[in-house]
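Chain by chain, the residues:
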Amino acid sequence: MSPPAGRAARQNVRMRISARADYAVRAVLELAVRQGGDPVKAETVAAAQDIPHKFLEGILGDLRRAGVVDSRRGGGGGYRLARDAASITVADVIRAVDGPIVSVRGERPTGLSYTGTAQPLLPLWIALRANVRRILEGVTVADIAADALPDPVKELAAEPAAWENP
């Protein structure tokens, strides 16, 4: 038996921020506000942000491989941002730990094709991806650390409908 049409549509496209992405953004933010001092130990970040330490270690490894953070071993070791917080976007962090930001059935929208009456879906998914990217690529870690989100983001968040659960 097939799921109802509305349910099938909800299963195909989701804008979902994973726990991994949320933790990664919080960890990078924690490093940003501590930037300039000694490297920060993973245990310190985990405690400050209430992130499971072992889970955070894997996330920090992904962030290091993506060039978002640097690490140093040893007693004075730890993590720090690999570049200035103003040059690291939220999209950079999410891509480092989760891959593509918007996917449809696990595929990038640009890799899809539809036929017949479903053809208009493709530009819709592309537009959705473009809009999400515009927001996440337009907000840097420095913006969040300074509690200075860009005005378009503040305006969207200020809309009452943004806070409703449909």
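One can find the structure itself at the top, above this paragraph.
The rules we used
Residues numbered from 1 in each chain as written. Predicted model: local features only at pLDDT ≥ 70, side-chain atom pairs only at ≥ 80, totals over all residues. Heavy atoms only, no water. Helix = DSSP H or I, 4+ residues; strand = E, 2+ residues; numbered from the N terminus. Buried < 20%, exposed > 50% of the residue type's maximum accessible area, 1.4 Å probe, protein only. Contact = heavy atoms within 4.5 Å. Areas by Shrake-Rupley, 256 points an atom, 1.4 Å probe, with all protein chains shown as cover. Lys, Arg positive; Asp, Glu negative; His and termini not counted. Charge placed at Lys NZ, Arg CZ, Asp CG, Glu CD. Polar contact = N/O pair within 3.5 Å; in protein donor to acceptor, adjacent residues only side chain to side chain. Salt bridge = Lys/Arg side-chain N within 4 Å of Asp/Glu carboxyl O. Phe/Tyr/Trp six-rings, centres within 6.5 Å; stacked < 30°, edge-to-face > 60°. Axes fitted to C-alpha atoms, helices over the stretch in contact; angles between N-to-C directions. Parallel < 35°, antiparallel > 145°, perpendicular 65-115°, else oblique. Left-handed = near helix turned anticlockwise from the far one by under 90°. Nonpolar A, V, L, I, M, F, W, Y, C, P; charged D, E, K, R; others polar.

Asker: Would you mind showing me how to read the overall build of the protein chain here?
Answerer: Within the protein chain, the regular secondary structure consists of eight helices and two strands. In sequence order, the protein chain lays out its α and β elements as α-α-α-α-β-β-α-α-α-α. Counting only C-alpha atoms and orienting by the principal axes, one finds that the protein chain spans roughly 60 × 35 × 25 Å. Residues counted as buried form 33% of the 166 residues belonging to the protein chain. Of all intrachain contacts in the protein chain linking residues separated by at least 6 positions in sequence, the fraction that spans at least 24 positions is 57%. Looking at the protein chain as shown, the accessible area adds up to about 10200 Å², and 52% of this sits on carbon and sulfur atoms. Distance between charge centres in the protein chain, computed from 22 positive and 19 negative side chains, equals 8 Å.

Asker: Where do I start with the side chain of Glu30 in this structure?
Answerer: Summarising the element assignment, Glu30 is placed in helix H2 (residues 19–33). Judged by relative accessible area, which is 10%, Glu30 ranks as buried. Side chain to side chain, Glu30 and Gln49 meet in a polar contact 2.7 Å long. Not counting the four nearest positions on each side in its chain, Glu30 is found in contact with Val45, Ala48 and Gln49.

Asker: What is the right way to read the pattern of salt bridges from this model?
Answerer: Once their charged atoms are close, side chains differing in charge can pair, the charge on each being opposite to the other. The full count for this structure, using the stated rule, is seven salt bridges. The salt bridge partner of Arg95 is Glu137, with a shortest N-O separation of 2.5 Å. Of this pair, Arg95 sits in helix H5 (residues 90–98) while Glu137 sits in helix H6 (residues 121–137), placing them 42 residues apart in sequence. Note that Arg133 and Glu137 form a salt bridge whose closest N and O atoms lie 3.5 Å from each other. Here Arg133 and its partner Glu137 are both found in helix H6, four residues apart, which amounts to about one turn of the helix. The class of Glu137 is partly exposed, set by a relative accessible area of 34%. Here the salt bridges do not stand alone but share partners, grouping Arg20, Asp62 and Arg65 into one network.

Asker: How should the packing of aromatic side chains be read in this particular structure?
Answerer: Where two aromatic rings form a pair, the distance of their centres and the angle of their planes describe that pair. Evaluation of the coordinates by the stated rule reveals one aromatic pair. Arranged with centres 5.5 Å apart and planes meeting at 80 degrees, the rings of Tyr23 and Phe55 form a pair that is edge-to-face. Placement of the pair is Tyr23 in helix H2 and Phe55 in helix H4 (residues 53–65), with a sequence separation of 32 residues. With a relative accessible area of 17%, Tyr23 lands in the buried category. Here Phe55 falls in the partly exposed class, since its relative accessible area comes to 34%.

Asker: Would you mind going over the packing of H4 against H5 with me for this structure?
Answerer: A pair of packed helices is characterised by two quantities: the angle between their axes and the separation of those axes. Look at H4 against H5: their axes get within 8 Å of each other, and the N-to-C directions meet at 115 degrees. One finds that H4 runs roughly perpendicular with respect to H5. H5 is crossed by H4, and the crossing has right-handed handedness. Taking contact as the criterion, the partners of Ile59, Asp62 and Leu63 in H4 are, on H5, Val93, Ala96 and Val97. Split into classes, the residues belonging to the contact of H4 with H5 amount to five nonpolar, no polar and one charged.

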